[in-house]
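Listed here are the chains, written in short residue letters.
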Amino acid sequence: MLIRLLVRLVDFSRRHSLSVVLGGVLLAVVAGWVASVHLGVSTDTDLLFKASLPWRQRAVEMNRDFPQFRDLLVAVVDARIPEEADATAAELAARLSADKAHFLTVRRPDASPFLDKEGLLFLKPTQLSALMDQTIDAQPFLGQLVADPSARGLFAALSLLGMGVTQGDVDLSPYLPPIKGFHQAMVDALSGHPKPLSWETLLGAGLSELAGPYRFVLVQPRQDFGALEPGGAATKAMRDVIAGLDFVKSGDAHVRITGQVALADEEFATVAQGAVEGLIGSLVLITLWLFLAVHSWRLIVPILMTLVLGLMLTVLFATVAVGTLNLVSVGFGVLFVGIAVDFAIQFSVRYREYRFETGDPAAAMTETARRVGVQILIAALATSAGFLAFVPTDFSGVAELGLIAGAGMIMAFICTLGFLPAAITLFRPFGESAEVGFAFAARIDPIIVRRRRLILIVFGLLAVTAVAVSPRLLFDSDPLDTKNPNTEAMRTLRDLINNPVTNPYTIDVLAPDAKAAREIGDKLETLPSVSGVISINSFVPADQPQKLAVIADAATILAPTLAPHGVAAAVSADQIRLAAKAALAQIDPALPKLPKDHPLTLIAEDLRRMQTAPDNVLLATDAALTRFLPEQLTRLRLALSAEPVTLESIPPAFARDWVLPDGRARVQVNPKSEAQTPRGLKRFVQEVSAVAPNAGGSAVTIAATADTIVGAFREAGIYAVIAIAVILFGLLRRVLDTALVMAPLLLSAALTLLIAVALPLPLNFANIIALPLLLGVGVSFNIYFVMNWRAGQQHPLGSATARAILFSALTTGTAFGSLALSAHPGTASMGKLLLISLGCTLLASLVFIPALLASLRRPYVTGPEEADGLESALGSPPRFQ
């Protein structure tokens, strides 16, 4: 019954070829138009997993409670000196804040009035005491600078040092770093390359290094999730602003962009890089393989038309069924073409075979439908079931992909039997002058028959080895490893991997209140994988009474000296020369008492050159020496006004990063460097989750995502194998035939695993998607050989089926090869795994199956229907052999 229906379908298509082809073309155009209008693509990664998952709910809750940490562009500023980095970051933040069209929020987490005032309290008592002592020692020097914050005042201060040395009551050792700094700044300015002097470094006694070399600007851009790069417009606007910043233009500061948005955008751009060239190359090679398979453009064009129609119908289904594709389901086209082309090639090559045997196009078409139609149907149903097995999983991205690809296999079958015969008839390919199969391959068949036991033993040993090494197959759960490491965002992130602001492996824990946050933090800090814990309590300094007393003593001594004297009069070039001459007059007498290489000697030489320098050079020197001096004096005054810090005194705007309005407090857990490996990250998450089961954050999301994906594929793999086996038995009606199809499928999976372990090629978020295609292609290839064997075929490698399988594999492999050459590591690894799995599938189909079939008793052929291997298999009662 089923065979007759398929024959009627093919005959109808052949007899009404023009109407069918025109109708198919019209349908493809309409489907493409509908999809172009209604089918969307979202690059929102939140759509890849079901919202009902516990870890997804925690992530959503954390994003809702602390929205300032999500969807960020992070500008990372580094400069020659800390003041230039601060100035660049401040100017960048100000300009971005004014651009409401591209940016929602802009803030600087490391620039806070609270930290500027209370920063000294976060030093260790020994550090604080040393800093205050040094500042007090420099009191006379500071007095001159406060009274006249210009080169004139600085030279007056230097003259005091000379006088002190002459009188023998000054120890210059504490002043050596500033003196060297003054000398270098003057040398640069006198040589025509003035560079601002860092007063923060000079007066900070090395403590400025504690803040690190980087300053951060956190930006939440407006994103267009319908674009390939959702944050592309905002990133371009940010780069335009960066290019216009003063210190960036001078080369003294550098600004790099990283963050979740930049990483995602660069990933999409990397995937698209070279895609057009790869597509063109693939199409050229695919056309070549098709020509070698069917030997005529009159068959190539129908095959391509069939693929386009099937793809358009699948796109139409996706439009109706899902409406918006996600980052995973958007790849359904590769799966469709990779398998659908096999159906079309198989039908066309077998048509050539029967055309040679019958010499009549109509009879050849009918015979192809009768013998091949059910084979393609079974392959399509089994492959579709394999894809649909992913639909019930929690991995929404692959579930959606499975739904679309599963439906696509049905579309491919309908187009192969309903449209391809009409297109072939319309294009009228010439008859065959020779047998279609591989003549040289027919000579290999006897060799496989003779060596069948050895072949089966070798494959058996390989399968056992694969099972034995399977625990060593790694899953790289770090999504950063699938990204291009050479992009700006990735290079920057790697540089900042240990910074709490940008570390991508932190864990967040919500405690009921600040007290509970302290208790949880104390427990977490003892864990082996934890490097540190930050909470709102971290901003209440320890040992405050002792530190405040030290600061208060210093403030009492320094307050009169640091008190502002009003706006100093502008300095002229002549005044600078006069001040240089006066300072030199005090320094020269001191030089005989100093070593010849003492920095003050160099200062004396600089002051001599200043007296003859042009006006513009003198004014540039003044700007270089004192540009950041007033700002540093203001910060020093503010720091000396520190007050006791309590949880209640922390400014609400600052505390909002750590405490919610309802009192719940966030605890950020930072990992040790071991967490940068998949095993280390998993251990870190397990240890923290044992103490805080409600833990969330990026590290938890990464680990949970890996578990979800692996679980989804494990679950879907079981479902797929069961579904494929049920369908095969339901249609083939023989346990043996079902086992013969499934055995090489499982073997090819084992061989793929073995090679992945041997290379090694870890599974990751990208290449694991290759596994569904392995099932689809493997089932198709195996069905053809087993059903032909059931029909009595004795030379499988020399048959037209083997030719179709080989060129189908080459066609599919060409598409995968273009992926393997991608600049995107994730896409490249997916292409490599696809090629490996395809090669293993081909090896199992062309070597293992013939050897396995040769070891079995030949099927008993009783007549035409049994010889077909179809009617008997579909119509007779089940027989267990």
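Residues numbered from 1 in each chain as written. Predicted model: local features only at pLDDT ≥ 70, side-chain atom pairs only at ≥ 80, totals over all residues. Heavy atoms only, no water.

Novice: Just to check I follow, could you spell out the overall build of the chain for this structure?
Specialist: Across its full length, the chain holds 38 helices and nine strands. Over its C-alpha atoms the chain spans a radius of gyration of 38 Å, topping by over 25% the 29 Å that the globule rule assigns to 881 residues. Put simply, the chain has 881 residues, and 53% of those count as buried. Excluding contacts between residues fewer than 6 apart, the proportion of contacts in the chain whose partners are at least 24 apart in sequence is 84%. Both charge centroids of the chain, one from 70 positive and one from 75 negative side chains, sit 11 Å from each other. (Helix = DSSP H or I, 4+ residues; strand = E, 2+ residues; numbered from the N terminus. Rg over C-alpha atoms; globule rule 2.2 N^0.38 Å. Buried < 20%, exposed > 50% of the residue type's maximum accessible area, 1.4 Å probe, protein only. Contact = heavy atoms within 4.5 Å. Lys, Arg positive; Asp, Glu negative; His and termini not counted. Charge placed at Lys NZ, Arg CZ, Asp CG, Glu CD.)

Novice: Explanation requested: the sheet that holds strand 7 (residues 507–511) in the structure shown.
Specialist: Adjacent strands of a sheet form backbone hydrogen bonds with each other and so pair up, either parallel or antiparallel. Judged by pairing direction, the sheet is antiparallel, and its three strands sit side by side in the order 7-9-8 without closing on themselves. Two strands close off the open sheet at either side, each with one partner strand: strand 7 and strand 8 (530–534). When strand polarity is set aside, the average angle formed by the axes of neighbouring strands in this sheet is 25 degrees. Two strands pair when backbone bridges link them, and strand 8 and strand 9 (residues 665–671) are joined in this way by four bridges, in the antiparallel orientation. Counted as the bridge partner of Val533 is Val669 from strand 9. (Pairing = 2+ DSSP bridges. Axes fitted to C-alpha atoms, helices over the stretch in contact; angles between N-to-C directions.)

Novice: Can you walk me through helix 19 (residues 420–427) in this structure?
Specialist: In an α-helix, one turn spans 3.6 residues, which is why side chains three or four residues apart end up on the same side. Among all positions of helix 19, only Leu420, Pro421, Ala422, Ala423 and Ile424 are buried. Against helix 1 (2–15), helix 2 (17–38), helix 15 (297–321), helix 16 (332–358), helix 17 (361–388) and helix 18 (396–418) lie the buried residues of helix 19. Positive phi shows up at Arg428, right after helix 19, with a value of about 50 degrees.

Novice: Can you help me understand the nonpolar core in this one?
Specialist: Most often, soluble globular proteins keep nonpolar side chains buried together rather than apart. Judged by nonpolar contacts, the single largest core of 123 residues is most densely connected at Phe343 and Phe395. With 70 residues, the next largest nonpolar core counts Ile179, Leu558, Leu562 and Leu633 among its residues. (Core = buried A, V, L, I, M, F, W, Y, C linked by side-chain atoms within 4.5 Å.)

Novice: Teacher, can you tell me more about the sheet that holds strand 4 (residues 214–221) here?
Specialist: A sheet is described by the order of its strands in space; here four strands give the open sequence 3-4-2-5, paired in antiparallel fashion. Two strands close off the open sheet at either side, each with one partner strand: strand 3 (103–107) and strand 5 (253–258). The mean angle between the axes of side-by-side strands here comes to 20 degrees, regardless of whether they run parallel or antiparallel. Pairing of strand 3 with strand 4 involves four bridges; the strand directions are antiparallel.

Novice: When you look at the pattern of salt bridges in this model, what are you seeing that I'm missing?
Specialist: Side chains that carry opposite charge are capable of pairing whenever their charged atoms lie near each other. Tallied over the entire structure, the rule returns 32 salt bridges. A salt bridge links Glu643 to Lys117; the nearest nitrogen and oxygen atoms lie 3.5 Å apart. Highlighted residues: Glu643 in the loop between helix 29 (629–639) and helix 30 (652–655) and Lys117 in helix 5 (residues 113–118), separated in sequence by 526 residues. Taking relative accessible area as the criterion, Glu643 reaches 43% and is therefore assigned partly exposed. Measuring nitrogen to oxygen at the nearest pair gives 2.8 Å for the salt bridge that ties Asp588 to Arg608. Residue Asp588 is located in the loop between helix 26 (573–587) and helix 27 (599–612), and its partner Arg608 is located in helix 27; the two are separated by 20 residues in the primary sequence. Among the residues examined, Asp588 registers a relative accessible area of 28% and is labelled partly exposed. Linked by salt bridges that have partners in common, Asp86, Arg108, Asp110, Glu200, Arg215 and Arg635 make up one network. (Salt bridge = Lys/Arg side-chain N within 4 Å of Asp/Glu carboxyl O.)

Novice: Explain unusual backbone geometry to me, please; I cannot follow it from the model alone.
Specialist: Peptide bonds are, in most cases, trans, and in most cases residues other than glycine have a negative phi. Following Leu759, the chain continues to Pro760 via a peptide bond in cis, the omega torsion being -5 degrees. Phi is positive for Asp71, which is not a glycine, with a value near 50 degrees. Structurally, Asp71 is set in the loop between helix 3 (54–65) and strand 2 (73–79). Unusually for a residue other than glycine, Asp543 sits at a positive phi of about 55 degrees. Position of Asp543 relative to the elements: it lies in the loop between strand 8 and helix 25 (544–562). Look at Asp543 and you get partly exposed, because its relative accessible area is 44%.

Novice: In this structure, what is going on with the side chain of Ser829? I would like to understand it.
Specialist: Position of Ser829 among the secondary structure elements: in helix 36 (residues 825–854). Owing to a relative accessible area of 8%, Ser829 belongs among the buried residues under this scheme. Contact partners of Ser829, with chain neighbours within four places excluded, come to Leu761, Asn764 and Asn767.

Novice: Would you mind showing me how to read the pairing of strand 7 here?
Specialist: A regular strand places its side chains on the two faces of the sheet in alternate fashion. Of all five residues in strand 7, five are buried; the element is thus mostly enclosed. Alternating positions in strand 7 separate into two faces, Ile507, Val509 and Ala511 on one and Asp508 and Leu510 on the other, with burial throughout. Relative to strand 9, strand 7 runs antiparallel, the two being bridged by five bridges. Directly across from Ala511, in strand 9, lies its bridge partner Ala665.

Novice: How do you make sense of the packing of helix 17 against helix 18 when you look at a structure like this?
Specialist: Geometrically, a packed helix pair is captured by the angle between its two axes and the distance between the axes. With their axes 7 Å apart at the nearest point, helix 17 and helix 18 run at an angle of 170 degrees to one another. Between helix 17 and helix 18, the angle is such that the two are roughly antiparallel. For the pair helix 17 and helix 18, contact is made by Gly373, Ile376, Leu377, Ala380, Leu381, Thr383, Ser384, Phe387 and Leu388 and by Gly402, Leu403, Ala405, Gly406, Ala407, Met409, Ile410, Phe413, Thr416 and Leu417, respectively. Looking at the contact of helix 17 with helix 18, its residues break down into 13 nonpolar, six polar and no charged. (Parallel < 35°, antiparallel > 145°, perpendicular 65-115°, else oblique. Nonpolar A, V, L, I, M, F, W, Y, C, P; charged D, E, K, R; others polar.)

Novice: I tried to follow the packing of aromatic side chains on my own but got confused; where do I start?
Specialist: For any pair of aromatic rings, the description rests on two quantities: the centre-to-centre distance and the angle between the ring planes. The tally for this structure, following the rule as stated, stands at 14 aromatic pairs. Measuring from centroid to centroid gives 4.9 Å for Phe49 and Phe395, while their planes differ by 10 degrees, and the two rings are stacked. On the criterion of sequence distance, the pair formed by Phe49 in the loop between strand 1 (40–41) and helix 3 and Phe395 in the loop between helix 17 and helix 18 is long-range, its members being 346 residues apart. Classification of Phe49 by relative accessible area gives buried; the value is 11%. Given a relative accessible area of 3%, Phe395 falls into the buried group. Members of the aromatic cluster, each reached through a chain of ring pairs, are Phe49, Trp55, Phe390, Phe395 and Phe713. Just above the ring of Trp658 sits the side chain of Arg666; from NZ or CZ to the centre is 4.2 Å. (Phe/Tyr/Trp six-rings, centres within 6.5 Å; stacked < 30°, edge-to-face > 60°. Lys NZ or Arg CZ within 6 Å of the ring centre and 35° of its normal.)

Novice: Looking at this structure, how should I read a negative patch on the surface?
Specialist: A cluster of acidic side chains, namely Asp513, Glu519, Asp522 and Glu525, defines a negative patch on the protein surface. With respect to the element layout, Glu525 can be found in helix 24 (residues 514–525). (Patch = residues over 30% accessible without salt bridge, like charges linked within 9 Å, V, L, I, M, F, W, Y side chains within 5 Å. Areas by Shrake-Rupley, 256 points an atom, 1.4 Å probe, with all protein chains shown as cover.)

Novice: Would you take a moment to explain the side chain of Arg108 for this structure?
Specialist: Mapped onto the elements of the fold, Arg108 is located in the loop between strand 3 and helix 5. Take Arg108: its relative accessible area is 17%, and that puts it in the buried class. Once residues within four sequence positions are removed from consideration, Arg108 is found in contact with Asp86, Ala89, Ala90, Ala93, Arg215, Phe216 and Val217.

Novice: It is not clear to me how the environment of Glu715 should be interpreted in this structure. Could you clarify?
Specialist: Within the fold, Glu715 resides in helix 32 (residues 698–732). Given the relative accessible area of 29%, Glu715 is considered partly exposed. Between the C-alpha atom of Glu715 and that of Thr393, which follows or precedes it by 322 residues, the distance is 7.3 Å. Beyond its immediate sequence surroundings of up to four residues, Glu715 is in contact with Pro392 and Thr393.

Novice: Explanation requested: the environment of Arg683 in the structure shown.
Specialist: With respect to the helices and strands, the residue Arg683 is situated in helix 31 (residues 678–691). Classification of Arg683 as partly exposed rests on a relative accessible area of 42%. C-alpha separation for the pair Arg683 and Ala706, spaced 23 residues apart in sequence, amounts to 14 Å.

Novice: Help me out: how do you make sense of the packing of helix 9 (residues 176–190) against helix 27 in this one?
Specialist: Relative to each other, helix 9 and helix 27 sit at 30 degrees, their axes nearing to 9 Å. As judged from the angle between their axes, helix 9 and helix 27 are roughly parallel. At the point where helix 9 passes helix 27, the crossing takes the left-handed sense. Along the contact surface, helix 9 presents Leu176, Ile179, Lys180, Phe182, His183, Met186, Val187 and Leu190, while helix 27 presents Pro599, Leu600, Leu602, Ile603, Asp606, Arg609 and Met610. Considering only residue class, the contact of helix 9 with helix 27 consists of 11 nonpolar, one polar and three charged. (Left-handed = near helix turned anticlockwise from the far one by under 90°.)

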